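A closer look at the structure
Each chain, letter by letter, is given below.
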Amino acid sequence: MRKLLFLFLLPFLCGASRAQVKPVQLADSLFSTYYHQRTTHFRNLPHTPGDIIFIGNSISDGGEWSELFADLRVKNRGISGDTSPGVVNRIGEVAARKPAKVFLMIGTNDLARGISPDSLLQNIFWLSDYLKVKNPATQLFVQSILPVNDSFGKFSGHTRNGQVIREVNAALQTAAPKHGYTYLDLHTPFSDASGKLNARYTNDGLHLNGDGYTYWKHLVYDDVYDLQEKPSIIPEPQQLQWTEAAFPLYRSKTIVVQDPALRKEAERLRGMLTAKGLEVRIKDKAAPGEPHIVLTLEKTEAPRLQAEAYTLSVNSDKVQIKANTAHGIFNGLQTLGQLMRDGTFIPGCAVRDWPAFGWRGYMVDVGRNYQSMEMLKEQIDVMARYKLNIFHLHLTEDVAWRLEVPRYPQLTAPEHMTRNKGAYYTVAEMQELIQYCKDRYITLVPEIDMPGHSAAFTRAMGAGMQSEEGLAYLKNILNDFCDTYDVPYVHIGGDEVKIKNEDFLPQVTAWLHGRGKKTIGWDPGGNLDKATVRQLWMKDGADNPDHTYIESRHLYLNHMDPLEAVTTIFSRQYGDREAADSTVMGATLCLWHDRNVLRQEDVLLMNPVYPGILAFAERSWQGGGYAGWITNIPADQPERVQEFREFENRLLDQQQAYFQNMPFPYAAQADRSWKLFGPYKNKGDLTASFAPERKSFKGKKPAAEAVGGTVVLRHFWHPLVAGVLEKPEENTTWYATSRFWSDADTIGYFWVGFQNLSRSYNSDSPAAGTWDNRGSAVFLNGQLVSPPRWKRPGQKGNAEIPLLDEGYEFRAPVDAPVKKGWNTVLVKLPVGSFKGKDWQNPLKWMFTFVPLGSEAGAQNQPMEMEKPVN
C-alpha cells in the first residue's frame, strides 16, 4: 500500500511543481525509519554560513565529505534509500540554511522502484526552482546519475537501468539553462569502455568504494571551490601541454631519489604531501606497478638560465621532475604543488620551463615599520611558492636602525627610534632569516641606507655618516657585518641625499668589494662606481651599456590601488626588455609603507602585496610584456583583455586555494566594462550637473571605454603613466556607466572608492559627507550612494597618523539595495586643477566600483557586471 500511495503522489507533486513553487510536506508513513532518523538529526544541527551540501541517496550518504575535502563547510545530507520525493520533502531544511552550494545526486532508486523518468525529472526541476526562489544566491549543481554494473550480480533492480539512466542524464543536461542549475556529468568519467560503472570504483555495481569517492572529489573539486577545470599555475610555465592521463596521487607511496644531492628536495616534497594527508617514503626505487614520483638531476636544455630550468612530466603511473640543479628541482616542485591541488589526482601534462629574468625580487621596508620574524617568513614562503629568488630587506631608515650591531648597542636603543621603539633584529634572527631564504633558494639582500635616510644613525652615534667620525663608525659596522653574515650582496642605498663628501660612496663600495661583497645602489642616487649594480626607481631607464641594472621603476606597491596594481605589474616590460640580458638582471617589486600603521598586518592589507607578488612573479618569470606604463588594460585591444582575463582567472584560483586567511585585496575585474561620456566643461564648478545625470539621457556613443574595477582617468604621474583618457583636461566632468545583474531583490555589497591614497604621501583624509575633494559621486539605479562615515574626516595628512578607513580595500564594503535583473551604475567624475593641493596631495583622477556579493553572502557572488564586448 505504501508503494502505491507513493507512486500516486508523484504525479500530483509534479503537477503542483509546474504551477507554483511551494514547500511540500508528504506523509511520514511514506518514509523509512532511517529516513526519519537522518532528517531529525539534520534539523537539530547548527546553522553555519557558507555551507556546501551534498544531498541524495546512499551514494551521497556514504561519503565522509568534510574529511574528504578537509573542510568543515562541506556537509553530508545523503540518506540511504532516498528518492526524489524524499528530497522534495526535506529540501526546506536545506534551504533554511542558505547554503553557498548544493550538490544533488538523486534518481537511481526512483528508477529501480518503477517511477517514470518524466516524474523523476519533474521532481528535480521542482527542487531547482524551489531553491532558486528561496535562495537565489545558492548555486545548485545537479550531478548526473552514476552508471551501474550488472556483472556483480547484485541490485538487479538498479543495474538493469543503464540505458534509462543515460536518457535521464541527457534530459537533465538539456534542461539546465531553463531551470538555472549547473549540470555535472559524472556518468562519463565513471564509466568503463562498455558504458558500465567502472569496476575500479565499486564492489557491488551500484555503490562506490573508497577509490570511487576519491575520484568523485577530484571530479567536482573545481566546482566546490570555484576553480578552473585544470589547475592554475603561477607563474605559467614557458611550455605546458595537457594530456588525457591522470596520476593517482592518493595511491602513491614512494618518492624515488638516487642522487644524495636531492635528498633535501625529496624531504621537501614529502612535507608537501604530508600536509595533504598523504604518507610517503623516500627510496631509490619503487615497487613494480606502484605509482611514484621521481626526482632526477639530468641535463635539461633551456634557452636561458639553465640552473633554474626544469622539466615535469605526469602520466598515469609516474610523475618525474628533471633539472640541472637542485634549484631547478625546487622550481619544479613549486609547479607540482599547484598541480596537485586536490590531493587525489594530478592531471597529465608535460612541462618545460625556465625563467626570463634571473633576478626576481621583492623588497620590504622594515626600517619605517617593523615586521615580526613570523610575518617576514610568511612573505618569504609566498615568494618561494611563486619562484621569486631575491628578498631585499631595507633595514635602516631615519625612523630607526633595525639591525643589531653588538659593537654599537646604541644603534638599536629605543630612545633612538621614533616608531616601534626597541624593535629590531638580533644577530641570531638575521642569520636565521638568511638561512630561511637559502633553504628556499632565495638570496637575502640587506640594505643599509647610506649616507641618506640615516637620521637614526646620527642620533645614536652623535655623528653624520659623511663625517670622518661617522665614516669610521660605518666601516666598523660593515666590517662586523661582513664577518657575521654570509650574503653575496650589500645594498648601500645612496639616494635622496645631498652628497657632501664626494669620496664617501666610492670609499664604502670599494671597501665592500675588497671584502668580497657585491654592491647595489639606487639610481638616480649618489656617485656609484661602475661595479655597483644600479636599481632604477625614477623615470630614466637602463641606458648605459657599461652598467648593470635592476628594474624597480613604477613597481612601488605603496603608490598603487589594488586593482590597478595587478593590471600595471602584469602589463609591464621590465627594463624595457622581454628578458634579461647583460645590462638588465631583472626586477624587484617594492613595498615602501612610509606612513605609520596601527598593526603590522596593515602593511599587507593596505598595499596589494600578495596580488602584486603574483602578477610580478608571472611577468618576471614569463618575460614579455608591453612597452609603456599603464593603469588599465586597453579596452580597444581585445587580445590584451583576453590575455589579462586568462591570467586573472589563474590569480583568482590562487587566491581561493592559498590565501583564504591572508590579506589579499583583489576582486575580479577583467569582465568589468565601462562607457565614459565627456568631457563636460564645468568651469571650475565641481557641483555642476550635466546630461548623463538626467533620466532622458540615452548616451548612444561613448567618448571612451574602459575595462577594470578601478578606472584611472589621469594618473598623478601623467603622462609617464597613462590613464584611460588620452588628453585629459582640467575643469571638466566625466561620467562612467555600467550595468550588473542580480538574481534577486536584495542588499548588495560593493567596493567603492575614488582617489586611493598613497601610503607614502602624507595625504589628507576626505571631509565628512564626501567621497573626495573633487565632488565625485556614484548613483545606483538613479539613487545617490552615500559616502562612508569617515573615522577621521578631514584629517590633515601626517606620517605618524595611520590610515584607518580611507581605502576601500581596508574598510567595510558599501551596502546598497539592488533589484532583480539589470542594475545601472553611474559614476560622476568632476575635476578642477590637476596640480593638487600640494605635493603630499597629488591628484589621481580615478574611481573604483566592484560588486562583491549580496546579503546572502559575498562568497556566492550573485551579481555579475556587464562584460566587455571584444
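Residues numbered from 1 in each chain as written. Predicted model: local features only at pLDDT ≥ 70, side-chain atom pairs only at ≥ 80, totals over all residues. Heavy atoms only, no water.

**Details of the overall build of the protein**
The helix and strand inventory of the protein stands at 22 helices and 33 strands. Over its C-alpha atoms the protein spans a radius of gyration of 31 Å, differing by no more than 12% from the 29 Å that the globule rule assigns to 870 residues. Referenced to the eigenvectors of the C-alpha coordinate spread, the extents of the protein come out at roughly 105 × 75 × 45 Å. Within the span of the protein, comprising 870 residues, buried residues form 59% of the whole. Residue pairs in contact within the protein that sit at least 24 positions apart in sequence constitute 77% of those at least 6 positions apart. Working note: accessible area of the protein is about 34,300 Å², and carbon and sulfur atoms make up 50% of it. Measuring between centres, the 96 positive side-chain charges of the protein sit 5 Å from its 98 negative side-chain charges. (Helix = DSSP H or I, 4+ residues; strand = E, 2+ residues; numbered from the N terminus. Rg over C-alpha atoms; globule rule 2.2 N^0.38 Å. Buried < 20%, exposed > 50% of the residue type's maximum accessible area, 1.4 Å probe, protein only. Contact = heavy atoms within 4.5 Å. Areas by Shrake-Rupley, 256 points an atom, 1.4 Å probe, with all protein chains shown as cover. Lys, Arg positive; Asp, Glu negative; His and termini not counted. Charge placed at Lys NZ, Arg CZ, Asp CG, Glu CD.)

**Brief notes about the packing of aromatic side chains**
Two numbers describe a pair of aromatic rings. These are the distance of the centres and the angle of the planes. Enumeration over the complete set of coordinates arrives at 51 aromatic pairs. When the ring of Tyr386 is compared with that of Phe659, the centres are 6.4 Å apart and the planes differ by 15°; the resulting orientation is stacked. Residue Tyr386 is located in the loop between helix H14 (373-385) and strand E14 (390-394), and its partner Phe659 is located in the loop between helix H22 (638-658) and strand E22 (673-681); the two are separated by 273 residues in the primary sequence. Through a chain of ring-to-ring contacts, the aromatic side chains of Phe54, Trp65, Phe69, Phe103, Phe141, Tyr213, Trp216, Tyr221 and Tyr225 assemble into a single cluster. (Phe/Tyr/Trp six-rings, centres within 6.5 Å; stacked < 30°, edge-to-face > 60°.)

**Remarks on the side chain of Ser84**
Residue placement: Ser84 occurs in helix H5 (residues 84-96). Residues within four places of Ser84 in sequence aside, it is in contact with Ile106, Asp110, Leu120 and Asn123.

**Considering a negative patch on the surface**
Residues Asp636, Glu639, Glu705 and Glu726 make up a contiguous surface patch of negative charge. Topologically, Glu726 is positioned in the loop between strand E25 (721-722) and strand E26 (732-742). (Patch = residues over 30% accessible without salt bridge, like charges linked within 9 Å, V, L, I, M, F, W, Y side chains within 5 Å. Salt bridge = Lys/Arg side-chain N within 4 Å of Asp/Glu carboxyl O.)

**Points about the sheet that holds strand E12 (residues 345-353)**
Spatially, E6-E12-E10-E11-E9-E7-E8 is the arrangement adopted by the seven strands of the open sheet, whose pairing is mixed. Strand pairing shows two members of the sheet lacking a second neighbour, strand E6 (239-248) and strand E8 (281-283), which therefore form its edges. On average, each strand axis in the sheet is inclined to that of its neighbour by 20°, with strand direction left out of account. Direction of pairing for E6 relative to E12: antiparallel, over a ladder of seven bridges. (Pairing = 2+ DSSP bridges. Axes fitted to C-alpha atoms, helices over the stretch in contact; angles between N-to-C directions.)

**A short note on the nonpolar core**
Membership of the largest hydrophobic core comes to 100 residues, with the highest contact counts inside it found for Phe391, Trp401 and Ile569. For Trp401, the residues in contact, after removing those within four places along its chain, are Leu395, Thr396, Leu411, Thr412, Met417, Tyr424, Ile448, Ala456, Phe457, Met465 and Ile477. Counting 56 residues, the second largest nonpolar core, distinct from the first, contains Leu184, Ile233, Ile329 and Leu336. (Core = buried A, V, L, I, M, F, W, Y, C linked by side-chain atoms within 4.5 Å.)

**Re H5**
The α-helix winds at 3.6 residues per turn, so residues separated by three or four positions along the chain end up facing the same way. Helix length check: H5 (13 residues) gives 19 Å between terminal C-alpha atoms against 18 Å at 1.5 Å per residue, within 8%. Residue Arg90 marks the point of greatest curvature in H5, where the axis turns by about 45°. (Expected span 1.5 Å × (residues − 1). Bend = angle between axes of the 7 residues up to and from the residue.)

**As for the pattern of salt bridges**
Tallied over the entire structure, the rule returns 38 salt bridges. The shortest N-O distance in the salt bridge between Arg73 and Asp71 comes to 2.9 Å. One salt bridge in this structure joins Arg599 and Asp602, with 2.7 Å as the shortest N-O distance. What makes Asp602 buried here is its relative accessible area of 8%. Here the salt bridges share partners, and the residues they tie into one network are Asp365, Arg368, Glu397 and Asp594.

**Observations regarding the environment of Thr737**
Looking at where Thr737 falls in the secondary structure, it is placed in strand E26. Sequence separation of Thr737 and Gly699 is 38 residues, and the distance between their C-alpha atoms is 9.6 Å. Beyond its immediate stretch of four places on either side in the chain, Thr737 contacts Ser673, Trp674, Lys675, Phe677, Thr824, Val825 and Leu826. Among the polar contacts made by the side chain of Thr737, one reaches the main-chain carbonyl oxygen of Val825 at a distance of 2.9 Å. (Polar contact = N/O pair within 3.5 Å; in protein donor to acceptor, adjacent residues only side chain to side chain.)

**Regarding the packing of helix H7 (residues 117-134) against helix H9 (residues 162-179)**
At their nearest, the axes of H7 and H9 sit 10 Å apart, and the two run at 30° to each other. What the angle tells us is that H7 and H9 run roughly parallel. Of the two possible hands of crossing, H7 and H9 adopt the one that is right-handed. Within the contact between the two elements, H7 uses Pro117, Leu120, Leu121, Ile124, Phe125, Ser128 and Asp129 and H9 uses Val164, Val168, Ala171, Leu172, Ala175 and His179. (Parallel < 35°, antiparallel > 145°, perpendicular 65-115°, else oblique. Left-handed = near helix turned anticlockwise from the far one by under 90°.)

**Re the packing of H14 against helix H15 (residues 427-438)**
Packing of H14 against H15 brings their axes to within 11 Å, and their N-to-C directions diverge by 15°. The orientation of H14 with respect to H15, classified from their angle, is roughly parallel. In terms of crossing hand, the pair formed by H14 and H15 is right-handed. Note on element contacts: H15 touches H14 through Glu429, Glu432, Leu433, Tyr436 and Cys437, opposite Met373, Leu376, Lys377, Ile380 and Asp381. By residue class, the composition of the contact of H14 with H15 is six nonpolar, no polar and four charged. (Nonpolar A, V, L, I, M, F, W, Y, C, P; charged D, E, K, R; others polar.)

**Description of the pairing of E22**
Sheet topology places E22 next to strand E23 (residues 704-707); four bridges connect them, and they run antiparallel. Residue pairing for E23: Leu676 is matched across the bridge by Ala704. Across five bridges, E22 lies against E26 in antiparallel orientation. If you follow Lys675 over to E26, its bridge partner there is Thr737.

**Some thoughts on the environment of Gly821**
Along the chain, the position of Gly821 falls in strand E31 (residues 821-831). On a C-alpha basis, the gap between Gly821 and Ala193 in space is 45 Å, while along the polypeptide they are 628 residues apart. Sequence-distant contacts of Gly821, that is, excluding residues within four places in its chain, are made with Phe740, Trp741 and Ser742.

**Digging into unusual backbone geometry**
Omega for the bond connecting Met450 with Pro451 falls within 30 degrees of zero, at -10°, which places this linkage in the cis form. Mapped onto the secondary structure, Pro451 falls in the loop between strand E15 (443-450) and helix H16 (455-461). Residue Pro679 is bonded to the preceding Gly678 through a cis peptide linkage, with omega at -5°. Position of Pro679 among the secondary structure elements: in strand E22. A positive phi angle is found at Leu305, which is not glycine, with a value near 45°. Residue placement: Leu305 occurs in the loop between strand E9 (292-297) and strand E10 (310-314). Exposure remark for Leu305: the relative accessible area of 35% places this residue in the partly exposed category.

**Topic: the confidence of the model for the protein**
Looking at the protein, the pLDDT average stands at 94 and 96% of residues meet or exceed 70. Here residues 1-12 scores under 50 on pLDDT; set against residues more than four positions off or in separate chains, the count is 19 contacts. When the criterion is pLDDT under 50, residues 14-19 qualifies, and its contacts beyond four places in sequence or with other chains add up to six contacts. (pLDDT = per-residue confidence, 0-100.)

**Brief notes about the sheet that holds strand E32 (residues 845-854)**
On the basis of which strands lie adjacent, the open sheet formed by four strands has the order E24-E32-E27-E30 and antiparallel pairing. Each of the sheet's edge strands pairs with one partner strand only, and the pair in question is strand E24 (710-714) and strand E30 (814-818). In this sheet, adjacent strand axes meet at a mean angle of 25° when their direction is disregarded. Pairing analysis gives five bridges linking strand E27 (residues 746-753) to E30, with the strands arranged antiparallel. The partner of Phe750 across the bridge, within E30, is Val814.

**Considerations on the environment of Tyr370**
Mapped onto the fold, Tyr370 is located in the loop between strand E13 (359-365) and H14. As for Tyr370 and Pro237, which are separated by 133 residues in sequence, their C-alpha atoms are 35 Å apart.

**Some thoughts on helix H17 (residues 468-484)**
Taking 1.5 Å per residue, 17 residues should reach 24 Å; H17 reaches 24 Å between its end C-alpha atoms and fits that length. Residues of H17 that are buried include every one of Gly470, Leu471, Leu474, Ile477, Leu478, Asp480, Phe481 and Cys482, and no others. In this structure, the buried residues of H17 make contact with E15, H16, strand E16 (489-493) and helix H18 (504-514).

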